[in-house]
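Secondary and tertiary structure notes
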Amino acid sequence: MLRKSTKAAVVGIAAAALAGGAIAVPAQAASDTRPGTAGHRATQRAMDAAVKAGVPGITAQVRDRHGVWRASSGVGDLKSGAPRGKNDKFRVGSITKTFVATVLLQMEAEGRLSLDDTVEDHLPGLVRGNGNDGGKITVRQLLGHTSGLFDYLTDADYSRTYLRGDGFLKHRYDTLPPEKHVKVALSHKPLFEPGDKFSYSNTNYILAGLIVEKVGGRTYEAEVRDRIIKPLGLKNTTNPGNSVHLPRPSSRGYAKLFDAAPDRVDDITDMNGSQGWADGDIISTAGDLTRFYGALLGGKVLPPKQLKAMKTMGVPGTPDKTYGLGLQRFETSCGTTLWGHGGGMVGWLSMAVTTEDGRHRLSFNLNGDWDASSMRKIVDAEYCGS
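So, here's what we can say about the structure. Positions within a chain are numbered from 1, following the residues in the order the chain's sequence is written. Reporting of local features is limited, given that this is a predicted model, to residues whose pLDDT is at least 70; pairs of side-chain atoms are given and counted only at 80 or more, and all residues count toward the totals for whole chains, interfaces and linings. As a convention, hydrogens and water are excluded, and side-chain values are obtained from all of the structure's heavy atoms.

**Considerations on the nonpolar core**
Our working rule: Buried Ala, Val, Leu, Ile, Met, Phe, Trp, Tyr and Cys residues form a nonpolar core when they are joined through side-chain atoms within 4.5 Å. Partly exposed residues are those whose accessible area sits between 20% and 50% of the maximum for their type, while under 20% is buried and over 50% is exposed, using a 1.4 Å probe and protein chains only. Numbered from the N terminus, helices here are DSSP runs of H or I no shorter than four residues, and strands are runs of E no shorter than two. Pairs of residues are marked as contacts when any of their non-hydrogen atoms sit within 4.5 Å.
In terms of nonpolar packing, the biggest core is built from 76 residues, with F99, L104, L143 and L296 touching the most fellow members. Per element, the largest residue contribution to this core is eight residues, and it comes from helix α9 (residues 202-216). Among residues more than four places away in sequence, those in contact with F99 are V224, I228, L234, T237, I282, L289 and F292. Counting 25 residues, the second-largest nonpolar core is a separate cluster that includes A42, A50, F330 and A381.

The structure is reproduced here in C-alpha cells:
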C-alpha cells in the first residue's frame, strides 16, 4: 500500500521514476564474495547505481543453484550513516497479499470455502451502498482485483490524513480497524461491474482478511502464522498488529511526504501496523521472502489445483494478463518469466520474484519510497546481467 502514483509503479515494476530529487548519501556496498557469487555483480552494480541516484539504501538476497547471495548498498540511517544491513527487517507492503491469498486457497483445498462464494456469503451486510453489492462479488474476484471496488488508499481525504504531509506525521500512530478502510471504499461507487475488468484495489484484501477470520474463527494473523510462517521456518516474518516499531535488526525508512517540498525527506520508520493490515502489514526480510516464494512456486505450500488457480492471469477478453490470485507475472527485458509480487508502504519499496520452478529467487527492499524505476533495473540485472 502507498499513495496512488507510487503504488501503481510498485505493482507493475514500472520503469518511470517517481518525482523528487536525489539524496546525497555514500554508495557504501557490502556483499558476499564466496565462490559462486560472481554472477551477481550486475545486480550489485544496479543496487549501487540506485543509491548513487538517491535511494538511501538497499538490502537483497538471491537463492539459486550456486547457493545464497546476500548484499546491501547505501545507508540504513541517514543521520548516523550506518550502512544498510544484509539481514534487515522491513515492511513488505503488498507482498502481504500473496500470504493472504495463499491462506484462502489452502482453505479452499480443505473444503472450507469456494472461490466462487460471494462476499455476502461470509460477510453478510458489510458491502452495501453506493451501488456496491457484496452478493455480486466473489472471493476469486477479490483476490484477482476484478471486484470493481474502489481502492480506499486513493480516497483524497484518506490520503491527506494518513499518507501525505502533515496528515501522516500527525496520524502515523493511530490504530485503524479494517472496517474503517472498508467504509472509506464504500463511500465511492464501484468502478465497474464485478468480473468485467481488472483494477488493483487494496480494499479487496481488507475484505479477504476479514473472510479469513470469519472462515477460520480466529485472527488473520494467527492463520498466516500457523499456515505459512511456522511451517516454512520464516523466523524473521511477523504481523505487527498495533505495534509502531520495527523489530531489529532493521534500518530506518524514509519518505518524501510533501509535494511542495520535493527534496524534503522524513524518517517514517515508526507507524501503527494496523494502517496496513491484510493488504500490506507484514514485516519480513529478503531471506524469508526468497524462502516463501521458492516454496510456493515449488509446490510445497498449495496443492496443484490451487497453485494453478493462483497463476491464472487476467480477465478473459481483456488485455491484462499479469495478475492472478495474489501473484504477479513479470517479463524481464531478456524474456525471462518471473512470478512474485511488489510491495510499497510509506517509506519502503520491496520486490520478491522467482523463476517458475522456484529455483532462482530474488528479494530486495529500498528504504526510500520515491524511486520505483530502480526496481526494474535490479531485477533485470539479476536475471539478464544488464
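**What about the packing of helix α2 (residues 41-53) against helix α13 (residues 373-384)?**
Stated precisely, the cut-off is as follows: Orientation is described by axes fitted as lines to C-alpha atoms, over the contacting stretch for helices, and by angles from 0 to 180 degrees between their N-to-C directions. These descriptions rest on fixed angle ranges, namely under 35 degrees for roughly parallel, over 145 for roughly antiparallel, 65 to 115 for roughly perpendicular, and the rest for oblique. Should the near helix be turned anticlockwise from the far one by less than a right angle, the crossing is left-handed, and should it be turned clockwise, the crossing is right-handed. Residues are grouped as follows: Ala, Val, Leu, Ile, Met, Phe, Trp, Tyr, Cys and Pro are nonpolar; Asp, Glu, Lys and Arg are charged; every other residue, Gly included, is polar.
Relative to each other, α2 and α13 sit at 165°, their axes nearing to 7 Å. Classed by the angle they form, the pair α2 and α13 counts as roughly antiparallel. In the crossing of α2 with α13, the sense of the turn from one axis to the other is right-handed. Each of A42, T43, A46, M47 and A50 in α2 lies in contact with α13, whose residues at this interface are S374, K377, I378, A381 and E382. The residue makeup of the contact of α2 with α13, split by class, is six nonpolar, two polar and two charged.

**Considering the pairing of strand β2 (residues 57-64)**
Using the following cut-off: When DSSP finds two or more bridges between a pair of strands, those strands are recorded as paired.
Of all eight residues in β2, eight are buried; the element is thus mostly enclosed. Burial along β2 is two-sided: G57, T59, Q61 and R63 facing one way and I58, A60, V62 and D64 facing the other are all buried. Where β2 meets strand β3 (residues 67-74), eight bridges bridge the pair, whose relative direction is antiparallel. Across the sheet, V62 pairs through a bridge with W69, a residue of β3. Here β2 folds back onto β3, and the loop between the two strands holds two residues. As paired strands, β2 and strand β13 (residues 361-366) are joined by six bridges and run antiparallel to one another.

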